[in-house]
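Chain and residue survey
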Amino acid sequence: MNAQSTRFTVLQRALHWLMAVGILAMLFIGVGMVSTVMPKYLPLLEAHKTLGIVILLLALLRLAVRFVYGAPALPAAMPAPMKLAAHLSHYGLYALMIGMPLLGWAMLSAGAYPVVLYGGIRLPSLLPPNAGLHALLWQAHVWLAFAFFALILLHLAAGLFHALIRRDGVFESMAPIAGPREGTTPAE
Amino acid sequence: MAQSPPPTSRAAIGSLVLIAGVVAAAAGAFAYTGGFLSPERLTPPKLVGALAPPGGPALGHRRNHAKGICFTGSFQSNGQGAALSKAQVFAKGDYPVVGRFNLGTPDPNAPDATVRVRGLGLQITAGGQVWRAAMIDPPFFPVATPDAFYALLEASHSKDPDAMKGFIAGHPEFATFAGWAGSAPFMASYAQDAFNSLNAFLFTDAAGATHAVRWSYRPQAQPEPLSPADFAKLGPNHLETEIAERVAGAPQRWTLVLTVADPGDPTADPSKAWPEGRRSVEAGTLVVDKVEDERDGPCRDINFDPTLLPDGIAVSDDPFPAARSAAYARSYNLRTAEWKDYPYQAPASPAAGSTVQP
Ligand code: HEM
Ligand code: HEM
Ligand code: HEM
């Protein structure tokens, strides 16, 4: 793909939507598990760690795919500040997709916890135990999780804004299935 | 890119309302899941907060079992435990141990004789996997469920003079514990206390069969049971001074006894001891050979979360380990975040001081 194409590649769209579901699930599991003392706390925590590591791997794959295939250009008619906001928010989303799982893993390592995933998979420690560092990473994991959710809401609102109001093909570029306008010539 | 005609302004307003609605619904679902809209939900912050004494928690310290002292040593496994669990720790061999003797109080400076419950935090590392446990000396837990534990904490801190009466009426199991607390002697040394898992765990053996197990570390030292008054005469910090001196003289030992439930035994309720005569297995010996002050000892920054288990041991239908894991994580997060408040500079306790680097 190159800047002339109107849509992300199938692989990119598949990764985008698969990970969107996974990341939203992670955020809900995260706030759900830390607000319960019921037996489900343990399976939720295990799911959280496991899915989080899967997301880390998918995010790295996705970044590589992005370097190879690029992205469709935003519509020429889009105001420059809006384009800047779109680009910055995408950097932010990539940073959080990779940063959040690393923070989770590092936080447990610094807290001298074993990092055990579903099926008894044990990850090595990322950092030597350090209580102060544990606390810092924990606070970062929690606050960035809320920032991540806020950014996703903004991103969702922007996506729908493109789809319903601007109707400029930006939403279609990432839409999971081809819309009615698939194949129309780019307007720009 | 594909373009289509812009919507009419009425349709645009409709779309904006729709977008706002989608965002609000997502934010609402998130807040609901996180319990922000359900103040009645028993959350880890609430449960841990309820442990705090009226003057507030001791910052930088464990929110419960705050007074304690570290040790290191080994677990000498005799191989017998392998009949119940395939965990590496039950294969014959010596495995390194980090632990902590402690008192069940949220006050790190509580005089020893004012605390009824004593605890043992333990980590055994075998085959690259850790087994963490936190055990206490009573033979059963005061209450049957985590919710009841919260109710007990609330009642005991309540200003209502009838709060405890009401709690006891609603939780008959508490009387059994109160009976123990009122009659059991105080041992003169941590080395003479038995420490019990109370919670049941599922052990899986090499053939894949599972067994519901509770365990105890039984002291090999001669017991010296004292009345509360005689124990109080030994001084407010007797236990830490004594164990440091005792271990400096000779390693101290406990036998690990695994007890297997019979079908129908209450595995989900730690307030009920299992009847006598259950199958039991002596799996090895805990040897404590060095005691160190908590403030720069190896146990301070460890969370002895009882759900951190090796392959071959898992949680059972007992609801406590999950609740404890959630609460201990909260306590650990808080106390590590408060590291500035932890008294690193306080003088070491006199006896343990000798084993501590300046
Ligand atoms: C959980 C959440 C989500 C994450 C982490 C996420 C992440 C991303 C990222 C990083 C990009 C930029 C792709 C690139 O340039 O390589 C992107 C693009 C896009 N996303 Fe999402 N997304 C999420 C959810 C959603 C949702 C719910 C929508 C629905 C409206 C959506 C619609 C879009 C659209 C239309 C684009 C294309 C933007 C463009 O062409 O520049 N995303 N997403
Ligand atoms: C996309 C990746 C991730 C997201 C979006 C995410 C999100 C969250 C959220 C929302 C919370 C609850 C924060 C709070 O309200 O206190 C949380 C907590 C937690 N996360 Fe993650 N997380 C991710 C990856 C991971 C990974 C990979 C691990 C570990 C391997 C991990 C370990 C934890 C732990 C242990 C907690 C509980 C912290 C505590 O003790 O309170 N997370 N996470
Ligand atoms: C729902 C019930 C319980 C709650 C809320 C609770 C709460 C706590 C908390 C907050 C800590 C401090 C953890 C840390 O900061 O590392 C702690 C430590 C401890 N608890 Fe519990 N606990 C409960 C049940 C039990 C039971 C059933 C036992 C024993 C069988 C037990 C034995 C211990 C011991 C020995 C420690 C000290 C461990 C160490 O040295 O770090 N607790 N408890």
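Parameters at a glance
- Residues numbered from 1 in each chain as written.
- Chains lettered and ligands numbered in written order.
- Predicted model: local features only at pLDDT ≥ 70, side-chain atom pairs only at ≥ 80, totals over all residues.
- Heavy atoms only, no water.
- Near = heavy atom within 4 Å.
- Polar contact = N/O pair within 3.5 Å; in protein donor to acceptor, adjacent residues only side chain to side chain.
- Helix = DSSP H or I, 4+ residues; strand = E, 2+ residues; numbered from the N terminus.
- Expected span 1.5 Å × (residues − 1).
- Bend = angle between axes of the 7 residues up to and from the residue.
- Salt bridge = Lys/Arg side-chain N within 4 Å of Asp/Glu carboxyl O.
- Buried < 20%, exposed > 50% of the residue type's maximum accessible area, 1.4 Å probe, protein only.
- pLDDT = per-residue confidence, 0-100.
- Contact = heavy atoms within 4.5 Å.
- Disulfide = S-S within 2.5 Å.
- Donors = N, O, S within 2.8 Å, 3.2 Å for Na, K, Ca; no water.
- Tetrahedral: all angles 85-135°; square planar, octahedral: opposite > 155°, others 65-115°.
- Buried area = accessible area lost by both parts, 1.4 Å probe.
- Nonpolar A, V, L, I, M, F, W, Y, C, P; charged D, E, K, R; others polar.

**Some points on the site of ligand 1**
All names here are of chain A.
- Within the structure, ligand 1 sits among 21 residues, and His16, Arg66, Tyr94, His155 and Ser173 are positioned closest to it.
- Here Tyr94 contributes a side-chain N or O atom positioned 2.7 Å from an oxygen atom of ligand 1.
- Contact distances for ligand 1 include 2.7 Å between a nitrogen atom and a side-chain N or O atom of His155.
- Elements with a minimum of two residues in the shell around ligand 1: helix H1 (10-33), helix H2 (41-69), helix H3 (80-110), helix H4 (131-166) and helix H5 (170-174).
- For the shell around ligand 1, the element with the most residues is H1, which contributes five residues.

**Comments concerning the site of ligand 3**
Residues and elements named next belong to chain B.
- If you check the shell around ligand 3, you find 26 residues, and the closest are Arg62, Arg100, Tyr328, Ser331 and Arg335.
- Here an oxygen atom of ligand 3 sits 2.7 Å away from a polar atom, N or O, in the side chain of Arg100.
- Asn102 places a side-chain nitrogen or oxygen 2.9 Å from an oxygen atom of ligand 3.
- Secondary structure elements with two or more residues in the shell around ligand 3: strand E2 (93-103), strand E3 (118-126), strand E4 (129-136) and helix H8 (320-337).
- Ranked by residue count, the leading element in the shell around ligand 3 is H8, at seven residues.

**Here we look at H3(A)**
- With 31 residues, H3(A) should reach 45 Å at 1.5 Å per residue; the first-to-last C-alpha distance of 43 Å fits that figure.
- Along H3(A), the sharpest kink reaches roughly 25°, centred on Gly99(A) and followed within four residues by the proline Pro101(A).

**Some thoughts on the pattern of salt bridges**
- If you walk through the whole model with that rule in mind, you get 16 salt bridges over all chains.
- Here Arg122(A) makes a salt bridge to Asp311(B), at a shortest N to O gap of 3.0 Å. Here Arg122(A) is found in strand E2 (residues 122-123), whereas its partner Asp311(B) is found in the loop between strand E11 (280-292) and strand E12 (313-315) on a different chain.
- Linking Asp230(B) and Lys233(B) is a salt bridge whose minimum nitrogen-to-oxygen distance equals 2.9 Å. In this pair, Asp230(B) and Lys233(B) are both assigned in helix H6 (residues 228-233), three residues apart and thus about one turn of the helix distant.
- On the accessibility criterion, Lys233(B) (66% relative accessible area) is exposed.
- The network of salt bridges with shared partners includes Arg62(B), Arg100(B) and Glu294(B).

**Quick notes on the confidence of the model for chain B**
Residue and element names in this part refer to chain B.
- Per-chain confidence: chain B averages 94 in pLDDT, with 95% of residues scoring 70 or above.
- Every residue in residues 350-358 scores below 50 in pLDDT, and together they form 13 contacts with partners more than four places removed in sequence or on other chains.
- Taken over the whole predicted complex, pTM reads 0.94, whereas the ipTM for its chain interfaces reads 0.93.

**Structural notes on the state of the cysteines**
All names here are of chain B.
- Inspection of the entire model under this criterion finds one disulfide over all chains.
- Note that Cys70 is cross-linked by a disulfide to Cys299, the S-S spacing being 2.0 Å. Measuring the twist about the S-S bond at about -75°, one finds the Cys70-Cys299 disulfide to be left-handed. Taken as a pair, Cys70 in strand E1 (residues 67-77) and Cys299 in the loop between E11 and E12 lie far apart in primary sequence, 229 residues in all.

**Quick look at the coordination of the iron atom of ligand 1**
Residues and elements named next belong to chain A.
- The coordination sphere of the iron atom of ligand 1, as far as protein atoms go, consists of His16 (NE2) and His155 (NE2), spread over 2.0 Å.
- In this structure, the iron atom of ligand 1 is coordinated by six donor atoms arranged in octahedral fashion, with angles at the metal of 88 to 180°. Here His16, found in helix H1, pairs with His155, found in helix H4; they are 139 residues apart in sequence, far enough to count as distant.
- Judged by relative accessible area, which is 13%, His16 ranks as buried.
- Residue class for His155 comes out partly exposed when judged on its relative accessible area of 27%.

**Examining the interface of chain B and chain A**
- Contacts between the two partners involve 51 residues from chain B, matched on the other side by 50 residues from chain A.
- Across the chain B to chain A interface the summed buried area is about 4,100 Å²; carbon plus sulfur atoms make up 69%.
- At the boundary of chain B with chain A, the tally comes to one salt bridge.
- Here the residues of the side of chain B that touches chain A sort into 33 nonpolar, 13 polar and five charged.

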